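Listed here are the chains, written in short residue letters.
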Amino acid sequence: MTDTKTSSLVPSAVYDRLRRRRAAERRFRFYGLAAVGLALMMLVFLFVSIVRQGYSAFTEHVITLTVALDPAVIDPEGRRNSQSLSSADYQRLVRESLAALFPDVTERAERRLLFGLLSSGASHRLRDVVMREPARIGTTVVIETPLDDDADRFLKGLVSPDVPESERRIKDRQIVWLKALHAGGGIHNRFNTTLFTAGDSREPELAGILGAVVGSFYLMLTTVVLSFPIGVAAAVYLEEFAPRNRFTDLIEVNINNLAAVPSVVFGLLGLAIFLDFFGLPRSASLVGGLVLSLIILPTIIIAARAALKAVPPSIREAALGVGASKMQSILHHVLPLAVPGIMTGTIIGMAHALGESAPLLVIGMVAFIVDVPVTPLDPTTVLPVQIYLWADSAERAFVERTAAAIMVLLIFLIAMNALAVIIRKKFERQW
Amino acid sequence: MTYRASNDPPHGTVGAPRVEAARAKLTACNVDVFYGEKHAIKDVSLDIGRNEVTALIGPSGCGKSTFMRCLNRMNDIIDICRVTGTITLDGEDIYDPKIDVVHLRARVGMVFQKPNPFPKSIFENVAYGPRIHGLASGKAGLEEIVLTSLKRAGLLEEVKDRLHAPGTSLSGGQQQRLCIARAIAVSPQVILMDEPCSALDPIATARIEELIDELQHNFTIVIVTHSMQQAARVSQRTAFFHLGELIECGMTEQIFTNPLHRLTQGYLTGRFG
Ligand SMILES: Nc1ncnc2c1ncn2[C@@H]1O[C@H](COP(=O)(O)OP(=O)(O)OP(=O)(O)O)[C@@H](O)[C@H]1O
Ligand SMILES: [Mg+2]
């Protein structure tokens, strides 16, 4: 034997086999590591690109204006009733207060450019102040109002001044004014509360995800209230009570098939049944929840059945052996042991439902809805659909808001999955 | 289906599978058990005497557990299992559709071959049966039942400081005694024990055997065991199974000193099994 590594105790054939086995193990470990590494890299790439695109949406630039509340403009007839107050020309007041800061801008076209820096939301904000305190008419008030999205993007450094003027939405004159305002302290950057307190809007600086978040919440609520009890009851019946015959085999196969049916198909089903046949309101989260319940029911049933099946038969025998009825053995012993598995399956199903958009588009949840829904019957949009709508918008400022909405959605998803892990751990640790 | 009168000697079985009708607690007549196609118990007729210990012995896989599980209809929960023949408890056919299986199992308790405590506290394990049957009056009554059951199973000393620890945290032998305590807590009339001592050390085994001696004054006991010495020590009657058939049955002393069938002889002298 010439191989120096071969000890005299180990015959060379055995040594060779050992070496080959170790090499195979190393190779296998390497494949695994490489796969995990690749998956992690993709994930990091996804997160980094979303965060890079979206972090700027969490702040906004606001302008501080001192507005003289001229009674002659707000309420020329002096009636002071809410109707005349709400229809007054606040836009003029806001614009005049901005123009007062730049007295040398007089030409019509230039003035239009100057006013373009303001968000159309400014006049609403002023109106809110006046409606709340009509006594302040005749005095001056200081309001903070968002800048137009193009100005905001420029101040955030998202618009390069090197681009020729004709290809930017923000013009050279406006840049000069913005810089002057910024230097004078008239503009500052703050946390973008609008994003979390407003519904959708055509104007990016006025658009928020609250409507979508509330809509998604109602959707999830409807889904879990419907699909959890039905799913668990179906699983318990199929696993514990149903006789094993061709019919139950057929049901089993069909449930597995349903879990694999594309969700759009469920959307079409929902359209035909809930909207056309039952005439439920369009764009309501209730209908969305009904459709999503159908989609995740198979997932919950399969997960719950697996969890029930995993409860050792000896536990059932033990319960039956001391004279528990079948019902008692299931309720007292089998179900509690299956809870972690059932909960995990349900939460994963819910997370799946939260991110679902295709079936919701089919049942018409793509409408542009400004109001935040109050009940599950109100028309609403939901997070994934909001993302879809914003991603489709022409305004560049919606790009960052899309990414921000994706981040919010991801945070919800991560929270739900973490909850699933915690529940599983908690119940496992108990015994 | 025709049944032979219970006093007919069943063919194939030698010895005395029957006892006087008045002394019989459980009577099995021409029982056949099938697991799907597999014929696991073949035409077994056997009486279990009141307030005595009957030992079922035989090589592994011969159907002792299967036969025992027929006695409290535990086989019902196995889908593929089919039982024919009659088994009566105090003259009442336990396979009668009118019988309440839950009530039957409360009267015929069982200790399984593998210890299977509930994943709950030691206290809860024993208290569960009395609670669902409403045997205890109030909290103190329940505690009383739990403590006496644990004591009779010879477990109380070891667990009295940790009654609320999980039952699954006990050792294998302790778990088996916990299962015995759980079975006697519902005061059944018959206790079926499937190799209750297979996981126990000699001291714990001796304690279980003492328990069996004590219990037989009030209970009827059927025990499956692989230990010939144990069968000889605790039982009054012994039944020897082989490949699903009841080969021989009789008084324990007679079986161990003077077996009638050559298969019994072979098994007892260790030539097979
Ligand atoms: N659930 C089941 N399904 C199918 N066959 C079974 C089932 N349980 C037992 N059997 C078969 O029935 C026969 C008798 O089994 P049983 O458990 O009664 O044997 P045993 O005498 O208790 O053996 P051991 O001493 O090993 O416990 C065996 O051949 C076994 O394979
Ligand atoms: Mg057995």
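How each quantity is defined
- Residues numbered from 1 in each chain as written.
- Chains lettered and ligands numbered in written order.
- Predicted model: local features only at pLDDT ≥ 70, side-chain atom pairs only at ≥ 80, totals over all residues.
- Heavy atoms only, no water.
- Phe/Tyr/Trp six-rings, centres within 6.5 Å; stacked < 30°, edge-to-face > 60°.
- Buried < 20%, exposed > 50% of the residue type's maximum accessible area, 1.4 Å probe, protein only.
- Lys NZ or Arg CZ within 6 Å of the ring centre and 35° of its normal.
- 1 Å grid on protein atoms, 1.4 Å probe; cavity = no way out; pocket = protein on both sides within 12 Å on 5 of 7 lines; lining within 4 Å.
- Points joined across faces, edges and corners; volume = space filled by probe spheres on them.
- Helix = DSSP H or I, 4+ residues; strand = E, 2+ residues; numbered from the N terminus.
- Nonpolar A, V, L, I, M, F, W, Y, C, P; charged D, E, K, R; others polar.
- Patch = residues over 30% accessible without salt bridge, like charges linked within 9 Å, V, L, I, M, F, W, Y side chains within 5 Å.
- Areas by Shrake-Rupley, 256 points an atom, 1.4 Å probe, with all protein chains shown as cover.
- Salt bridge = Lys/Arg side-chain N within 4 Å of Asp/Glu carboxyl O.
- Lys, Arg positive; Asp, Glu negative; His and termini not counted.
- Charge placed at Lys NZ, Arg CZ, Asp CG, Glu CD.
- Core = buried A, V, L, I, M, F, W, Y, C linked by side-chain atoms within 4.5 Å.
- Contact = heavy atoms within 4.5 Å.
- Axes fitted to C-alpha atoms, helices over the stretch in contact; angles between N-to-C directions.
- Parallel < 35°, antiparallel > 145°, perpendicular 65-115°, else oblique.
- Left-handed = near helix turned anticlockwise from the far one by under 90°.
- Expected span 1.5 Å × (residues − 1).
- Arc of directions from axis to C-beta.
- Pairing = 2+ DSSP bridges.
- Donors = N, O, S within 2.8 Å, 3.2 Å for Na, K, Ca; no water.
- Buried area = accessible area lost by both parts, 1.4 Å probe.
- Polar contact = N/O pair within 3.5 Å; in protein donor to acceptor, adjacent residues only side chain to side chain.

Participant: Sorry if this is basic, but what is going on with the packing of aromatic side chains here?
Facilitator: In this description, a pair of aromatic rings is defined by centroid distance and the angle of the planes. Tallying each qualifying case throughout the model produces 10 aromatic pairs over all chains. When the ring of A:Phe30 is compared with that of A:Tyr31, the centres are 6.4 Å apart and the planes differ by 55°; the resulting orientation is tilted. In this structure, A:Phe30 and A:Tyr31 share a single accessibility class: exposed. Ring pairs connect the aromatic residues A:Phe58, A:Phe191 and A:Phe196, which therefore count as one cluster. The aromatic ring of B:Phe34 is capped on one face by B:Arg82, whose charged end is 4.5 Å from the ring centroid. Here the guanidinium or amino end of B:Arg182 rests over the ring plane of B:Phe118, the centre of that ring lying 4.6 Å away.

Participant: Sorry, what's going on with the layout of surface pockets here?
Facilitator: Here the idea is plain: a probe the size of a water molecule rolls over the atoms and shows the empty space left. Taken as a whole, the largest pocket spans an internal volume of roughly 660 Å³. For the largest pocket, the lining is made up of 26 residues, of which A:Glu239, A:Glu240, A:Arg316, A:Lys326 and B:Ile77 are closest to its centre. Contributions of two or more residues to the lining of the largest pocket are made by helix 10 (210-241), helix 13 (285-310), helix 14 (313-321) and helix 15 (326-354) of chain A together with helix 2 (101-107) of chain B. Of the volumes computed, that of the second largest pocket is approximately 350 Å³. Along the walls of the second largest pocket sit 17 residues, with A:His124, A:Arg125, A:Thr194, A:Ala198 and A:Leu206 positioned nearest its centre. Of all the secondary-structure elements, those providing two or more residues to the lining of the second largest pocket are helix 6 (121-132) and helix 9 (194-197) of chain A. By residue number, the principal contributor to the lining of the second largest pocket is helix 6 of chain A, which donates five residues. Taken together, the residues of the lining of the second largest pocket sort by class into four nonpolar, seven polar and six charged.

Participant: I tried to follow a positive patch on the surface on my own but got confused; where do I start?
Facilitator: Among the surface-exposed residues, A:Arg17, A:Arg20, A:Arg21, A:Arg22, A:Arg26 and A:Arg29 lie close enough to one another that they form a single positively charged patch. Of note, A:Arg20 is situated in helix 1 (residues 12-54).

Participant: Is there a simple way to explain empty space enclosed by the protein in this structure?
Facilitator: Under the criterion given, the structure shown has two cavities of 30 Å³ or more. In this structure, the largest cavity occupies an estimated 50 Å³ of space. A:Ala318, A:Gly321, A:Val322, B:Arg105, B:Gly109, B:Met110, B:Phe112, B:Arg182, B:Ala183 and B:Val186 together form the lining of the largest cavity. Secondary structure elements with two or more residues in the lining of the largest cavity: helix 14 of chain A together with strand 7 (108-111) and helix 6 (172-185) of chain B.

Participant: Please clarify how the nonpolar core should be interpreted in this entry.
Facilitator: One recurring pattern in soluble globular proteins is that nonpolar side chains are buried together. Counting 45 residues, the largest nonpolar core has A:Leu292, A:Leu360, A:Ile363 and A:Trp390 as its most contacted members. Contributions of two or more residues to this core are made by helix 10, helix 12 (263-277), helix 13, helix 15, helix 17 (383-391) and helix 18 (397-430) of chain A. In terms of residue count, helix 18 of chain A provides more of this core than any other element does, 12 residues in total. The residues contacting A:Trp390, other than those within four sequence positions of it, are A:Leu195, A:Asp200, A:Ala207, A:Gly208, A:Ile209, A:Phe398, A:Arg401, A:Thr402 and A:Ala405. With 44 residues, the next largest nonpolar core counts B:Val111, B:Ile184, B:Ile212 and B:Ile247 among its residues.

Participant: Sorry if this is basic, but what is going on with the packing of helix 3 (residues 122-133) of chain B against helix 6 of chain B here?
Facilitator: Helix-helix packing: each pair is described by the crossing angle between the helix axes and the interaxial distance. All names here are of chain B. Contact geometry for helix 3 and helix 6: axes closest at 7 Å, N-to-C directions at 25°. By the angle between their directions, the pair helix 3 and helix 6 is classed as roughly parallel. Here the hand of the crossing between helix 3 and helix 6 comes out right-handed. For the pair helix 3 and helix 6, the contacting residues are Ile122, Asn125, Val126 and Pro130 in the first and Leu178, Ala181, Arg182 and Ala185 in the second.

Participant: Is there a simple way to think about helix 8 (residues 172-183) of chain A in this case?
Facilitator: Every α-helix winds through 3.6 residues per turn, so residues three or four apart in the chain are directed the same way. Residues and elements named next belong to chain A. Taking 1.5 Å per residue, 12 residues should reach 16 Å; helix 8 reaches 17 Å between its end C-alpha atoms and fits that length. All of the buried residues along helix 8 are Gln174, Ile175, Trp177, Leu178 and Leu181. Buried positions in helix 8, seen along its axis, are confined to an arc of 165° and lie on one side of it. For helix 8, the exposed residues set more than 90 degrees away from the buried face come down to Lys179 and Ala183. Where the residues of helix 8 are buried, they touch strand 1 (59-68), helix 4 (90-101), helix 5 (108-115), helix 7 (149-155) and strand 3 (187-191). Backbone geometry just after helix 8 places Gly185 at a positive phi near 80°.

Participant: Whenever I open this one, the sheet that holds strand 5 (residues 81-89) of chain B confuses me. Can you help?
Facilitator: The strands that make up a sheet pair up through hydrogen bonds in the backbone, lying either parallel or antiparallel. Residues and elements named next belong to chain B. As summarised here, the arrangement of the four strands in space is 3-2-5-6, forming an open sheet in which the pairing is antiparallel. The open sheet has two edge strands, strand 3 (38-49) and strand 6 (92-93), and neither has a second partner. As judged from the eight bridges shared by strand 2 (residues 24-35) and strand 3, these two strands associate in the antiparallel manner. Counterpart to Phe34 in the pairing with strand 3 is His39.

Participant: How should the coordination of the magnesium ion (ligand 2) be read in this particular structure?
Facilitator: Geometry reference: four tetrahedral donors at a metal, ideal angle 109.5 degrees. Six octahedral donors, ideal angles 90 or 180 degrees. All names here are of chain B. Within the protein, Ser65 (OG) and Gln113 (OE1) serve as the donor atoms for the magnesium ion (ligand 2), at 1.9 to 2.5 Å. Within this pair, whereas Ser65 is found in helix 1 (residues 64-71), its partner Gln113 is found in the loop between strand 7 and helix 3, the two being separated by 48 residues in sequence. Judged by relative accessible area, Ser65 falls into the partly exposed class, the value being 21%. Exposure remark for Gln113: the relative accessible area of 35% places this residue in the partly exposed category.

Participant: Is there a simple way to explain the interface of chain B and chain A in this structure?
Facilitator: Interfaces are frequently sized by the accessible area removed from exposure as the parts join. With 24 residues of chain B in contact, the opposing surface of chain A contributes 17 residues. Broken down residue by residue, the surface that chain B buries against chain A is led by B:Phe118, B:Pro119 and B:Tyr128, which jointly contribute 29%. In this structure, the connection of chain B to chain A is made through one salt bridge. Of the charged contacts in the structure, one is a salt bridge between B:Arg69 and A:Glu317, with a shortest N-O distance of 3.0 Å. If you look at where chain B meets chain A, you find six residue pairs in polar contact (both at pLDDT 80 or more). Those elements giving two or more residues to the side of chain B that touches chain A turn out to be helix 2, strand 7 and helix 3 of chain B. In terms of residues, the side of chain B that touches chain A owes the most to one element, helix 3 of chain B, which gives four residues.

All quantities given are derived from atomic positions and should not be read as evidence of function.
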